[in-house]
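# A structural walkthrough
What follows is the residue order along each chain.
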Amino acid sequence: MNTINQENCQCECGACKLTLSHAPKGRFFCHCEICQKVYKKPYSDVSVMDAQSVSIAEGSPIEYTSYWSGLKRGTCKECGQPVVALLTQFPLLKIAFVPSNTIDNSIQVPDSQAHIFYHRRVDDIDDNLPKVSGFIKSELKATGIILPALK
Ligand SMILES: [Zn+2]
Ligand SMILES: [Zn+2]
């Protein structure tokens, strides 16, 4: 796989920049209340990859908030938009969640695989993806998307 050295991902205002060293392999929509709050949207659209493949440009004004142990959600101090969330509770498994809409066209973002936390939805979604309701089932579905997405 080619190594990418150019920033290919940025928040809405452009203050926070990331470089993804390869295309993410997993993607899902999450309707949980935290996503609704952080993304200021009915649901989040996140791409998943191993955190080692995500480098954050020096000086990016990211503020991290932990809503539950392990998951740190980073938002831009300038525009307030999500930049990257990092799951770091497992020593050997560091996972990054990148908002799909911040990834530029040079990266092929995969198709979304599911809607999770669908019981928290603001609106019904009319598409062919699996809709997963319930906390445990949603977590399991997310895990099933995340694990194969790690290289
Ligand atoms: Zn920003
Ligand atoms: Zn969520």
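Residues numbered from 1 in each chain as written. Chains lettered and ligands numbered in written order. Predicted model: local features only at pLDDT ≥ 70, side-chain atom pairs only at ≥ 80, totals over all residues. Heavy atoms only, no water.

## A closer look at the coordination of the zinc ion (ligand 2)
Within the first shell, the zinc ion (ligand 2) binds the protein through Cys30 (SG), Cys32 (SG) and Cys35 (SG), at distances of 2.1 to 2.3 Å. Counting the intervening residues between successive donors of the zinc ion (ligand 2) yields the motif C-x1-C-x2-C. (Donors = N, O, S within 2.8 Å, 3.2 Å for Na, K, Ca; no water.)

## Regarding the sheet that holds strand β10 (residues 115-116)
The strand order β6-β7-β8-β9-β4-β3-β10 describes an open sheet built from seven strands, whose pairing is mixed. Of all strands in the sheet, those with a lone pairing partner are β6 (62-68) and β10, marking the two edges. Two elements, strand β8 (residues 82-90) and strand β9 (residues 93-99), share four bridges in a ladder whose sense is antiparallel. Bridge pairing in β9 links Leu86 to Ala96. Running over the sheet, helix α2 (residues 135-149) touches β3 (26-30), β4 (44-50), β9 and β10 and is turned about 160° from β3. (Pairing = 2+ DSSP bridges. Helix = DSSP H or I, 4+ residues; strand = E, 2+ residues; numbered from the N terminus. Contact = heavy atoms within 4.5 Å. Axes fitted to C-alpha atoms, helices over the stretch in contact; angles between N-to-C directions.)

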